[in-house]
Amino acid sequence: MREVARGTTPLNIATDISPRLAAAVVVARVRPLTGGQARPAAGQGNDGDSDSTSQNDASPGGTETTSEDAMYGAAAGGARLVDLAAPLNEDVELTLLKEQDEAALKVLRHSAAHVMATAILELFPETKLGHGPATESGFFYDVYREVPFTEADLAAIEAKMAEVVARDEPFVRVEEPRTDALVDYVEKGEFMKVYFIEKFTKPGDEISLYKNGGFTDFCRGPHIPSTGRVKAFKLTAIAGAYWLGDEKNQQLQRIYGTAFFSAKDLDAHFKRLEEIKARDHRVLGKQLDLFSIQEVAGAGLIFWHPKGGMVRKAMEDWMREECIKRGYSMVFTPHIMRRELWQISGHEGYYADNMYPPMELDDAEYRLKPMNCPGHILIYKSSPKSYRDLPQRYAELGNVYRYERSGTMHGLLRVRGFTQDDAHIFCTHSQVLSEIESCLQFAESVLKTFGFSDYEVELSTRNPAKAGEFVGDDQEWHNAEAALRSVLSGWRKPNGDPLAFKTFPGEAAFYGPKIDVKIVDILGRRWQLSTVQFDFNLPRRFELEYKGEDGELHRPVMVHRALFGSVERFFGVLIEHYAGAFPLWLAPVQVGLVPISSEKHLNYAEHVKTTLEAAGLRVELDARNEKMNAKIRDFGLQKGPFILILGDKEAGSDSVSVRTRGKGDQGSATLEDFVARAKALVESHGMEL
Ligand SMILES: [Zn+2]
Ligand SMILES: [Zn+2]
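Worth saying up front: this structure is predicted, and the values here are computed from it rather than measured.

Criteria and thresholds
- Residues numbered from 1 in each chain as written.
- Chains lettered and ligands numbered in written order.
- Predicted model: local features only at pLDDT ≥ 70, side-chain atom pairs only at ≥ 80, totals over all residues.
- Heavy atoms only, no water.
- Donors = N, O, S within 2.8 Å, 3.2 Å for Na, K, Ca; no water.
- Helix = DSSP H or I, 4+ residues; strand = E, 2+ residues; numbered from the N terminus.
- Buried < 20%, exposed > 50% of the residue type's maximum accessible area, 1.4 Å probe, protein only.
- Phe/Tyr/Trp six-rings, centres within 6.5 Å; stacked < 30°, edge-to-face > 60°.
- Lys NZ or Arg CZ within 6 Å of the ring centre and 35° of its normal.
- Salt bridge = Lys/Arg side-chain N within 4 Å of Asp/Glu carboxyl O.
- Pairing = 2+ DSSP bridges.
- Axes fitted to C-alpha atoms, helices over the stretch in contact; angles between N-to-C directions.
- Contact = heavy atoms within 4.5 Å.
- pLDDT = per-residue confidence, 0-100.
- Right-handed = clockwise from strand over helix to strand, strands pointing away.

Moving on, we get to the coordination of the zinc ion (ligand 2). All of the protein donors around the zinc ion (ligand 2) are Cys373 (SG), His424 (NE2) and His560 (ND1); their distances to the metal are 1.9 to 2.4 Å. Mapped onto the polypeptide sequence, the residues donating to the zinc ion (ligand 2) form the spacing pattern C-x50-H-x135-H. Of this pair, Cys373 sits in helix H13 (residues 373-381) while His424 is found in strand E21 (residues 417-427), placing the two residues 51 residues apart along the sequence. Taken as a pair, Cys373 and His424 share a single burial class, namely buried.

Below you can see the structure in the form of structure tokens.
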């Protein structure tokens, strides 16, 4: 709900809205209507400084970001989140956030961190507190205690938290002079609070503290009205971390938990975590024999096994055919190239940390390629180009090698060697718009074909205030950003909805603005895959040219684009999206054959196999001397789409008895009908069996 509060008398949101409404509202967002924006008193951000203990920032649950803007709501046009009890002293646009609002959930979670700190201090008063931000999936608090906490302590802390919640203590904001707070915290030996106050506030500031019952915390807020609103919470893990990430410092502990507005949401959260675990591509990759990473060969390097290789072939065949249909030329470039080339491209300078060291050969030093761009540029430059030749679109499934720190690799998602479905488009300024449109259409086609129904788009632009840090002149940036924006603004998703894209000023690469496409998988997770990027840098460095209609030489525009992104990573996402149960066209084994008797029915089974293979289907015949049910179970564990049972009845009528994944026994069909149906399904890339 949104209303405008006007007037000069301070409005107190909590007391000036109806009690019925107040029960549903958690926090408010205000956006000043007049120029002056009343800053809140200085305080430690809810998410504090993620650099302080960043070495252990990764939570056991996966990636956690503690975006200050997201929490504090400072991003959108000066809007910020405030407590319901905050006095309003100016004209503002006021938005009351209810429990359903994502921002409200973060406020709840940060408040749960205060509840946890309250409980910890009541049980273990000697504990010193660090910071306690909300995260994407919950909250944590960094604490220090000479005797480290154990898992067993978590249960006691949880029980005490329940008491704090039951007491329904209001969160009260107080402001006091910085010096008073510092004296107080120094006295209590709260070394981390002292550090944060000194880091985040200036001498002379009023700082804000939040109290609930007997607990006080240095905090910028905002908070939910009272502890009673933390209706469902759970502590999930303890991890070790050194204070400020320095092993010479005290060993802190980070206690993780999560909180929701209802027990139902909390249950759903843990069900989802179980589902994510069950879909883990590293586990399924092993179980389905798709790929491996071998210690003897090195971390982050992927071995595609025959079954994974078959899926990859289907992915790549589709991609190559689509590229050709869409006017791309397929090219191939070397894996190692002379160091001199990387000096020209600039990778030796700005990308060296991600590259493998040079290797000495007879004539020069060579380096493994971290990107395909310079190779494609050399192909462009190998002959003079005129405007009639443009656009040139070079596509390559190119293997690149990038150094990732040891310990950061993660299955197929973060690796040291991978395959980009990379393309570079060289075109004139007037062709840019339609090229960008085509890239986006292509990206949509990838998502649809591979079974994703939704996606999000982010536009990263230059920060005009820091123009000096970006290559390219104002006009180039203006044109490129305008082209990207105009394509995105007019875009309709396949369902007809307009594309709501987010713009991130300052997030562009130094060489040009870009569009990133994030797909949404079946569990609602977002994966950054496709990207379309402008480049003002490389055409300059390599002095790319084409002869224009005017007979003069011009510099072409260069666009980098990748749609799968990395074939390895995309495969990992697919495994998790499908939980290993690939649609027919991607399944490594499409049809499993089970002769009821491995002697009597083997001939007919061989006949069926030959017929299916002649139709282009991937078939596996289980001729082992095993019971029929054991064979069916084994094929089932491999998550194959179809199993055909072959016995006397089938052999006598040239038919098959069909078992379909997820549907079980589907009765019999003539062999001819089954082949026709399976072929049609493969050709249409159908998702349903
Ligand atoms: Zn707080
Ligand atoms: Zn590139």
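Across all of its chains, the model carries 29 aromatic pairs by this definition. Judged by centre distance (4.8 Å) and plane angle (75°), the rings of Tyr350 and Phe510 are edge-to-face. Taken together, the positions of Tyr350 in helix H12 (residues 347-350) and Phe510 in the loop between strand E23 (501-505) and strand E24 (514-520) put the pair 160 residues apart, joining distant regions of the chain. Residue Tyr350 is classed as partly exposed on the basis of its relative accessible area of 36%. Residues Tyr356 and Tyr403 carry aromatic rings whose centres are separated by 6.3 Å and whose planes lie at 85° to one another, so their mutual orientation is edge-to-face. One end of the pair, Tyr356, is in the loop between H12 and strand E18 (359-360); the other, Tyr403, is in the loop between strand E20 (392-401) and E21, with 47 residues separating them in the sequence. Among the aromatic residues, those joined into a ring-pair cluster are Trp318, Tyr328, Phe442, Phe450, Phe452, Phe564, Phe570 and Trp585. The lysine or arginine in question, Lys385, covers the ring of Tyr380, its NZ or CZ lying 5.1 Å from the ring centre.

Let us look at the pattern of salt bridges. As enumerated under the stated definition, the model contains 43 salt bridges in all. Residues Asp217 and Lys193 are paired through a salt bridge, measuring 2.7 Å at the closest nitrogen-oxygen approach. Here Asp217 is found in strand E11 (residues 215-218), whereas its partner Lys193 is found in helix H7 (residues 191-200), with 24 residues between them in sequence. Lys193 carries the same exposure label as Asp217, and that label is buried. Of the charged contacts, one joins Glu613 and Lys609 as a salt bridge, the two residues approaching to 3.3 Å between their closest N and O atoms. One end of the pair is Glu613 and the other is Lys609, both in helix H18 (residues 602-614) and four residues apart, which spans about a single turn. Exposure remark for Glu613: the relative accessible area of 38% places this residue in the partly exposed category. Linked by salt bridges that have partners in common, Arg312, Glu316, Arg320 and Glu568 make up one network.

A separate point is the sheet that holds strand E30 (residues 619-621). Either a parallel or an antiparallel arrangement is found when strands of a sheet pair, and the pairing is made through backbone hydrogen bonds. Spatially, the five strands line up as an open sheet ordered E30-E29-E31-E32-E33, and their pairing is mixed. Every other strand in the sheet has two partners, leaving E30 and strand E33 (664-670) as the edge strands with one partner each. This sheet shows a mean twist of 25° between the axes of neighbouring strands, independent of strand direction. Across the sheet, H18 touches strand E29 (591-595), E30, strand E31 (642-646) and strand E32 (655-660), and the angle it forms with E30 is around 170°. The strands touched by helix H19 (residues 628-637) are E29, E30, E31 and E32; relative to E29, the strand with the most contacts, the crossing angle is about 170°.

Moving on: the confidence of the model for the protein. Looking at the protein, pLDDT values average 89 and 92% of them are 70 or higher. Counted against residues more than four places away or in other chains, residues 1-7, with its pLDDT under 50, gives 21 contacts. Here residues 36-40 is modelled with pLDDT under 50, and outside its nearest four sequence neighbours on either side it reaches 11 contacts, counting other chains as well.

This part is about the pairing of E29. Of all the five residues making up E29, five are buried; the element is thus mostly covered by neighbouring parts of the structure. Of the two faces of E29, the one lined by Val591, Leu593 and Pro595 and the one lined by Gly592 and Val594 are each fully buried. Summarising the sheet, E29 and E30 pair through three bridges and their orientation is parallel. Within the sheet, the bridge partner assigned to Val591 lies in E30 and is Val619. As a crossover connection, the stretch from E29 through H18 into E30 is right-handed. By the bridge criterion, five bridges tie E29 to E31 in an arrangement that is parallel. Bridge pairing in E31 links Gly592 to Ile643.

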